[in-house]
Amino acid sequence: GSCSAVVEQDHLRTIFALALSSMYRKEVPLYGDLVSIVRDINSQVLFRTRLGLGSDSSERLDVERHGAIRLGTPAELQTVRRIFALLGMRAVDYYDLSVAGLPMHATAFRSVDRESLARNPFRVFTTLLRPELLDSDEARMLALKLLERRQIFTEKLLEWLDIADSQGGRLKADQIEHFIPQALLTFSWRPTAAATYAEYEELREEHPILADVACFQSAHINHLTPRVLDIEAAHRAMQAAGMAVKSAIEGPPQRQHPILLRQTSFLALEEPVRFPYNDSIVASDLVSGSHKARFGEIEERGAALTAKGRQLYDELQSAALCAGQSIIEQSRRDAIVAAVFDRFPDDWSALRSQGLLFCEYSCDTTRIKTAMSLEKKSHFTPELLEALITEGVIQARPITYEDFLPFSAAGIFRSNLQSNFKQAAIQSLARYDRSGLECALGCKVLSSETLYAGIEEESLERCAVALGLVR
Ligand code: OOG
Ligand code: NI
């Protein structure tokens with residue numbers, strides 16, 4: 001047995017995310033270019049002002065990434081869940097992508113507590129195929145046959161997961177170097193397909209996502225996204241660097257005070273793939289072809305919204321979509337969206353006082369003595385909180401949004417699929433199936449709203465204790 005010290009999950013997550021990043025940089029050199037663009041822009045913004053960052057440190061920003069994978073079966077999802085659990089990541093929220101014509105639903109694996117997020121907020125958007133939504137029986141049966149046959153986890157990786165379980169969900173320092181390369185294999189690109197060219201073609205014609213999910217030997221990550229502080233500048237820099245950039249930025253329009261997240265990407269690359277002639281993969285018997293799956297994305301993150309804030313966002317988002325529907329010219333569309341979003345306050349204190357925003361509160365104890373509002377007070381009422389903020393005793397900082405937007409996810413997804421795929425390939429009755437995803441996952445997904453509310457609540461509790469007030 002090993003006698004070295006156990007490695008904390010937060011630390012293992014950082015080691016894994018760095019290893020994944022260097023793997024992806026080798027696989028997709030354009031990702032490296034994107035990271036450089038983002039790093040330059042972030043250092044310019046940080047030099048100009050520290051405001052863009054909210055409460056996040058620049059150390060966090062340097063390592064901050066999200067990836068995305070697409071899985072085929074509940075068994076794959078359950079093992080992926082075990083890998084991410086070792087890295088301190090849990091499944092948060094349910095995302096329905098069927099509304100965008102995709103036979104998929106998703107969750108995001110991420111760390112959940114404040115300290116872990118501050119160390120490394122690495123997250124992975126993880127979609128699962130919903131074969132029951134496919135219209136074609138033949139395509140469904142073929143996809144399931146291929147998925148049943150493939151094994152995206154090595155035997156060694158499965159052994160490491162068992163060892164970690166027996167060590168209380170931790171690996172030891174000298175086990176890490178063995179675990180990481182095995183785990184990376186699951187997410188790496190394998191240029192030899194796990195389906196014949198004919199099978200690949202059959203699935204791709206039914207729905208391009210189906211070929212990507214079912215025809216490969218791994219659950220290749222399809223992008224790894226760094227966080228940028230000024231996405232408008234980064235979008236221009238990507239265009240200037242000659243990248244095939246998506247025409248519009250997904251998410252809320254440009255604002256002084258960023259909310260949720262805004263994303264843009266360069267389009268998926270055409271990559272060479274070799275397909276076996278028949279079920280047995282023999283190196284000499286390969287047909288050359290290609291596949292488009294992997295792309296590069298960047299994102300700007302803003303404040304997490306309360307249920308009320310999110311409702312307003314969703315309402316304005318659909319109104320903007322309706323109003324801009326028939327307009328082709330991007331600049332006119334942007335103007336319409338901006339006009340609709342005028343109804344969303346663009347000021348931290350207005351957002352907070354209207355209950356649209358989650359905040360983390362901190363108390364400057366050096367100011368307690370001079371705080372008039374504290375005189376003869378024993379209870380921490382909402383009125384007192386406001387007075388203390390006005391007096392500068394308490395500071396309110398928006399909490400960073402750590403999750404995804406189903407609408408943006410669908411937009412990113414679609415921009416990377418051929419536009420001519422059959423819309424009818426998925427059942428029109430497709431709907432939200434959270435319990436189906438939870439059943440596949442083997443546990444419930446956590447609610448991001450509850451997590452943000454918890455962070456806000458704990459911060460208020462710390463303030464109350466520091467001020468000697470009863471809540
Ligand atoms: C996932 C797309 C969603 C995001 O940032 O919203 C996503 C995929 O294409 O597999 O990564
Ligand atoms: Ni993404």
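Residues numbered from 1 in each chain as written. Chains lettered and ligands numbered in written order. Predicted model: local features only at pLDDT ≥ 70, side-chain atom pairs only at ≥ 80, totals over all residues. Heavy atoms only, no water.

Q: Let's hear about the packing of aromatic side chains: which residues, and what values?
A: On inspection of all chains with the given rule, the structure shows 17 aromatic pairs. Ring pairs connect the aromatic residues Phe16, Phe84, Phe109, Phe122 and Phe187, which therefore count as one cluster. Positioned above the aromatic ring of phenylalanine 404, the side-chain terminus of arginine 301 is 5.5 Å from the ring centre. (Phe/Tyr/Trp six-rings, centres within 6.5 Å; stacked < 30°, edge-to-face > 60°. Lys NZ or Arg CZ within 6 Å of the ring centre and 35° of its normal.)

Q: I'd love a proper account of empty space enclosed by the protein, names of residues and values included.
A: The tally for this structure, following the rule as stated, stands at two cavities of 30 Å³ or more. Estimated volume of the largest cavity: approximately 150 Å³. In terms of lining residues, the largest cavity is bounded by 17 residues, among which Ala68, Phe125, His223, Ala409 and Ile412 are the most central. For the lining of the largest cavity, the secondary structure elements donating two or more residues are β1 (65–71), β4 (123–129) and α16 (406–415). The space that makes up the second largest cavity amounts to roughly 40 Å³. The wall of the second largest cavity is formed by Arg70, Arg150, Asp212, Val213, Ser218, Ala219 and His220. Grouping the constituent residues of the lining of the second largest cavity by class yields two nonpolar, two polar and three charged. (1 Å grid on protein atoms, 1.4 Å probe; cavity = no way out; pocket = protein on both sides within 12 Å on 5 of 7 lines; lining within 4 Å. Points joined across faces, edges and corners; volume = space filled by probe spheres on them. Helix = DSSP H or I, 4+ residues; strand = E, 2+ residues; numbered from the N terminus. Nonpolar A, V, L, I, M, F, W, Y, C, P; charged D, E, K, R; others polar.)

Q: Account for the domain arrangement of the protein chain, naming residues and giving values.
A: It is common to report an interface's size as the accessible area lost on association of the parts. Each domain of the protein chain was delimited in the assignment, giving domain 1 (9–229 + 402–432), domain 2 (305–354) and domain 3 (359–398 + 448–471). One C-alpha centre belongs to domain 1, the other to domain 3, and the line joining them spans 39 Å. At the junction of the two partners, domain 1 supplies nine residues and domain 3 supplies eight residues. Of the roughly 750 Å² buried between domain 1 and domain 3 on both sides combined, carbon and sulfur atoms contribute 49%. (Domains from an automatic or database assignment. Contact = heavy atoms within 4.5 Å. Buried area = accessible area lost by both parts, 1.4 Å probe.)

Q: For the site of ligand 1, give the residues involved together with the corresponding values.
A: Lining the immediate surroundings of ligand 1 are His66, Ala68, Arg70, Phe125, Asn222, His223, Gln263, Glu297, Phe404, Ala409 and Phe413. Between ligand 1 and the protein, one listed contact pairs an oxygen atom with a side-chain N or O atom of arginine 70 at 2.8 Å. A distance of 3.0 Å is found between an oxygen atom of ligand 1 and a side-chain nitrogen or oxygen belonging to asparagine 222. When the free accessible area of ligand 1 is taken as 320 Å², the share hidden by the protein chains comes to 100%. At the level of elements, β1 and α16 are the ones that each hand at least two residues to the shell around ligand 1. A total of three residues in the shell around ligand 1 trace back to one element, the largest contributor, which is β1. Residues belonging to the shell around ligand 1 are distributed by class as follows: five nonpolar, four polar and two charged. (Near = heavy atom within 4 Å. Polar contact = N/O pair within 3.5 Å; in protein donor to acceptor, adjacent residues only side chain to side chain. Areas by Shrake-Rupley, 256 points an atom, 1.4 Å probe, with all protein chains shown as cover.)

Q: Hey, could you go over the side chain of glutamate 360 for me, with residue numbers and the actual values?
A: Locating glutamate 360 in the fold gives a position in strand β10 (residues 359–363). Side-chain polar atoms of glutamate 360 contact the side chain of arginine 114, separated by 2.4 Å. Non-local contacts of glutamate 360, meaning those with residues more than four positions away in its chain, are made with Arg114, Gln395, Ala396, Arg397, Ile399, Ile455, Ser459 and Arg462.

Q: Which residues make up the pattern of salt bridges, and what are the values?
A: Evaluated as defined, the whole model comprises 37 salt bridges. The shortest N-O distance in the salt bridge between aspartate 10 and arginine 13 comes to 3.0 Å. Here arginine 13 and aspartate 10 lie together in helix α1 (residues 9–27), a separation of three residues that amounts to about one turn. Residue class for aspartate 10 comes out buried when judged on its relative accessible area of 13%. With its nearest N and O atoms 2.4 Å apart, the salt bridge here joins arginine 114 to glutamate 360. Separated by 246 residues along the polypeptide, arginine 114 in helix α5 (residues 114–119) and glutamate 360 in strand β10 bring together distant segments of the chain. Salt bridges sharing common partners tie together Asp56, Arg60, Glu64, Arg123, Arg227, Glu299, Arg301 and Glu402. (Salt bridge = Lys/Arg side-chain N within 4 Å of Asp/Glu carboxyl O. Buried < 20%, exposed > 50% of the residue type's maximum accessible area, 1.4 Å probe, protein only.)

Q: So what's going on with unusual backbone geometry? Residues and values would help.
A: One non-glycine residue, aspartate 93, lies in the positive phi region at around 70°. Mapped onto the fold, aspartate 93 is located in strand β2 (residues 90–96). Backbone geometry at lysine 376 places phi at a positive 60°, although glycine is not the residue there. Along the chain, the position of lysine 376 falls in the loop between β10 and α15 (382–390).

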